[in-house]
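# Breakdown of the fold
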Amino acid sequence: MKYIISIIKPHRLEEVRTALSAIGVEGMTVSEVKGHGRQKGHTEIYRGAEYEVSYLPKIKVELALSSKLAAKAVEAIAEAGRTGQIGDGKIFVIDLENAVRIRTGESGEEAL
Amino acid sequence: MKLYQKITLAGVLGLAAIAGADVAQAQDAAPAVSPETAYIFNTLLFLIGGFLVMFMAAGFAMLEAGLVRSKNVSMQCLKNIALYSVAGIMFWVCGYSLMYTGVDGGYIGTFSTYGFDEVGKFATGDDGAVGSYSTASDWFFQMVFVAATASIVSGTLAERIKLWPFLLFTAVLTGIMYPITGSWKWGGGWLNEMGFQDFAGSTIVHSVGGWAALAGALILGARLGKYEGGKVHPLPGSSIPLATLGTFILWLGWFGFNGASQLAMGTAADVTSVSNIFANTNLAAAGGVIAAMALTQIIYKKVDVTMALNGALAGLVSITAEPLQPGPFLAILIGAVGGVIVVVAVPLLDKLKIDDVVGAIPVHLFAGIWGTLAVPLSNSDANFGTQIVGIAAYGAFTFVVASIVWFILKMTMGIRVSKEEEMMGLDKSEVGVEAYPEFARGGSSI
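Residues numbered from 1 in each chain as written. Chains lettered and ligands numbered in written order. Predicted model: local features only at pLDDT ≥ 70, side-chain atom pairs only at ≥ 80, totals over all residues.

### Concerning the overall build of chain A
Scanning chain A for helices and strands turns up two helices and six strands. For 112 residues, the compact-globule estimate of 2.2 N^0.38 gives 13 Å, and the C-alpha radius of gyration of chain A, at 17 Å, exceeds that figure by more than 25%. With the C-alpha coordinates aligned to their principal axes, the bounding extent of chain A is approximately 60 × 25 × 20 Å. Considering only residue pairs separated by 6 or more positions, chain A has 68% of its internal contacts joining residues 24 or more positions apart. (Helix = DSSP H or I, 4+ residues; strand = E, 2+ residues; numbered from the N terminus. Rg over C-alpha atoms; globule rule 2.2 N^0.38 Å. Contact = placed C-beta atoms within 7 Å.)

Next comes the structure, spelled out in structure tokens:
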């Protein structure tokens, strides 16, 4: 099992969700987050003075999937989330030790 | 122009003469209306103009609410309704009499409260016949002007001043300082005798507010972090939509401010003047916006909406000293120069580390000075020398007295909240009511 954490641009969320649904992903957790990467945010001008916006709004999408589906999901996110511009985000994949469905007590892949 | 014009108008109406006869546009001799009809229309102009200017208090409140951070919005709203009320009472307690009663070419009127016409009666002239307008309508119209002056101070000093010392200053400004300087021109005082011209108050209302704000900003100091490390750190406002709404409300109110400063609507000539003033006022505001937009596009490669809003107000302030005489093109130009002044002066004040949250000093003080200087361009009764004397006199008196009052308040009760309170936000520390409680951590950077 894999746990996938992806940070994407907010306006790509709908495309990413659609692409994940298309390959059979059934559940996901989405949160609004802020952060920066190598570009360290950007500058804006307010009343004649420049200022740095250090943290840009991003969307964090978290998925828990079987290893087989995880590989396809990473591809789908990368494809649907891509604009080709800086700030498209990143995808992190980590091994998932266990999962439990709270209602039934099922565990492992059964619970996904 | 105010009282001086009223006196001449009263004379004309008393003789039931054709007041429009000396105006070039009145080609056919219009039949004179009865003095009572003129009384009704003059009073109506004061009342309509008065409630339009009253609504400018809402404009200032929304503009300031939009340009402060969300942790200080409740405080800004409270300050605005409080200052309007303090001004409304102080201008009755002593303001109106100090400004308009017994000035006689001098420097100050008399210190007393003010009475209105008896119920069921009307104001009379010297001969006992019907006068020119109701007493209370004039008091109300003049009162809403002084409230505008106090609003100007509120915006500059936002986000760090304590509530009660600010309101004490407002009481002195609206009950004593503004009425004394106002008497010099509109009360028929020494500057009126000299021939100083300021139709609706570029200097008398707007610069006076600007000078008082400047003195306050210097003594109060900048907001925490604004000029840290020798750099300017902007503290962007909480709501551009509110600031835009506030600007539109002020623009609307300005038709009362300038239009009703004609002070008479009993003749075709007067009502035509009021209409010309409306047109010029609108043209100048539009000129201010376009100039500010063009200049920010050229300098910063983007259009700063807050500068466009300030540009509208600077255009309006600029045309206020003489909204009647300029032709349409000159009105646009006068307003456009106001817009340029704002775009240049806002970063200049930041260089001097004078923290003016809403840009009130460039808009009301600098554009007010420009508008007053521009009067001789179209009004042959004005000359640059007298205009400069007037500007200097208003500036010296208001800046010095305001500095003394701010200094006394600073030494006695203190005018600034603590560092912790400023970081927490004045909504919590001074008001106890947050403007946006659902977003309780408003203003933090993440």
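From this point, the discussion proceeds with the structure in view.
### Re the packing of helix α7 (residues 202-220) of chain B against helix α12 (residues 360-373) of chain B
All names here are of chain B. At a minimum axis separation of 8 Å, α7 and α12 run at an interaxial angle of 140 degrees. With respect to α12, the axis of α7 lies oblique. For the element pair α7 and α12, the recorded crossing hand is left-handed. Side by side, α7 and α12 meet where Ser202, Thr203, His206, Ser207, Gly209, Gly210, Trp211, Ala213 and Leu214 of the first sit next to Ala360, Ile361, His364, Leu365, Gly368, Ile369, Gly371 and Thr372 of the second. For the contact of α7 with α12, the residue count by class is seven nonpolar, ten polar and no charged. (Axes fitted to C-alpha atoms, helices over the stretch in contact; angles between N-to-C directions. Parallel < 35°, antiparallel > 145°, perpendicular 65-115°, else oblique. Left-handed = near helix turned anticlockwise from the far one by under 90°. Nonpolar A, V, L, I, M, F, W, Y, C, P; charged D, E, K, R; others polar.)

### Things to note about the environment of Leu96 of chain A
All names here are of chain A. As for its position among the elements, Leu96 is in the segment after β6 (89-95). Along the sequence, Leu96 and Glu14 sit 82 residues apart, while their C-alpha atoms lie 26 Å from each other. In contact with Leu96, other than residues within four places in its own chain, are Met1, Lys2, Tyr3 and Ala64.

### Looking at the environment of Asn72 of chain B
Residues and elements named next belong to chain B. Secondary-structure assignment places Asn72 in the loop between α2 (35-67) and α3 (73-100). Residue class for Asn72 comes out buried when judged on the 31 C-beta atoms lying within 10 Å of it. Taking C-alpha positions, Asn72 is 35 Å from Asp138, a pair spaced 66 residues apart along the chain. Setting aside residues up to four positions removed in sequence, Asn72 forms contacts with Ala158, Glu159, Gly425, Leu426 and Asp427. (Buried ≥ 20, exposed ≤ 12 C-beta atoms within 10 Å, placed from the backbone.)

### Concerning the confidence of the model for chain B
All names here are of chain B. For chain B, the mean per-residue pLDDT works out to 92, and 91% of the residues sit at or above 70. Throughout residues 1-29 the model reports pLDDT below 50, and contacts reaching past four residues in sequence, or to other chains, amount to 47 contacts. A low-confidence stretch, residues 442-446 (pLDDT under 50), is modelled with nine contacts involving residues beyond four sequence positions or located in other chains. With a pTM of 0.86, the predicted complex shows an ipTM of 0.72. (pLDDT = per-residue confidence, 0-100.)

### Looking at the environment of Leu316 of chain B
Residues and elements named next belong to chain B. You can see Leu316 is positioned in helix α10 (residues 305-320). Classification of Leu316 by C-beta neighbours within 10 Å gives buried; the count is 32. Along the sequence, Leu316 and Ala284 sit 32 residues apart, while their C-alpha atoms lie 6.0 Å from each other. Ignoring sequence-local partners within four residues, the contact set of Leu316 consists of Trp251, Trp254, Thr281, Ala284 and Ala285.

### A short note on the sheet that holds strand β2 (residues 29-35) of chain A
Residue and element names in this part refer to chain A. Within the open sheet, the four strands sit side by side as β2-β5-β1-β6. Their pairing is antiparallel. The open sheet terminates on both sides in strands that have one partner only, identified here as β2 and β6. Direction aside, the axes of adjacent strands within the sheet are offset by 20 degrees on average. Looking at chain direction, strand β1 (residues 2-8) and strand β5 (residues 56-65) are connected through seven bridges and run antiparallel. Residue pairing across strands places Ile7 opposite Lys60, the latter belonging to β5. Along the sheet, helix α2 (residues 67-81) contacts β1, β5 and β6; its crossing angle with β1, the most-contacted strand, is approximately 5 degrees. (Pairing = 2+ DSSP bridges.)

### Some words on the nonpolar core
Within the largest apolar cluster, 124 residues are counted, with the highest numbers of intra-cluster contacts made by Ala87, Ala147, Ala213, Leu316 and Val342 of chain B. When residues in this core are grouped by element, the largest group, 14 residues, is from α2 of chain B. Once you skip the residues sitting within four places of it in the chain, Val342 of chain B turns out to touch Ala292, Met307, Asn310, Gly311, Ala314, Gly359, Pro362, Val363 and Ala367 of chain B. Counting 13 residues, the second largest nonpolar core, distinct from the first, contains Val25, Leu65, Leu69 and Ala76 of chain A. (Core = buried A, V, L, I, M, F, W, Y, C linked by C-beta atoms within 7 Å.)

### Points about the interface of chain B and chain A
The extent of an interface is frequently quoted as the accessible surface area lost upon association of the parts. Residue-level contacts link 13 residues of chain B with eight residues of chain A. Elements represented by at least two residues in the side of chain B that touches chain A include exactly α10 and α11 (328-351) of chain B. In terms of residues, the side of chain B that touches chain A owes the most to one element, α11 of chain B, which gives three residues. Here the residues of the side of chain B that touches chain A are counted per class, giving eight nonpolar, two polar and three charged.

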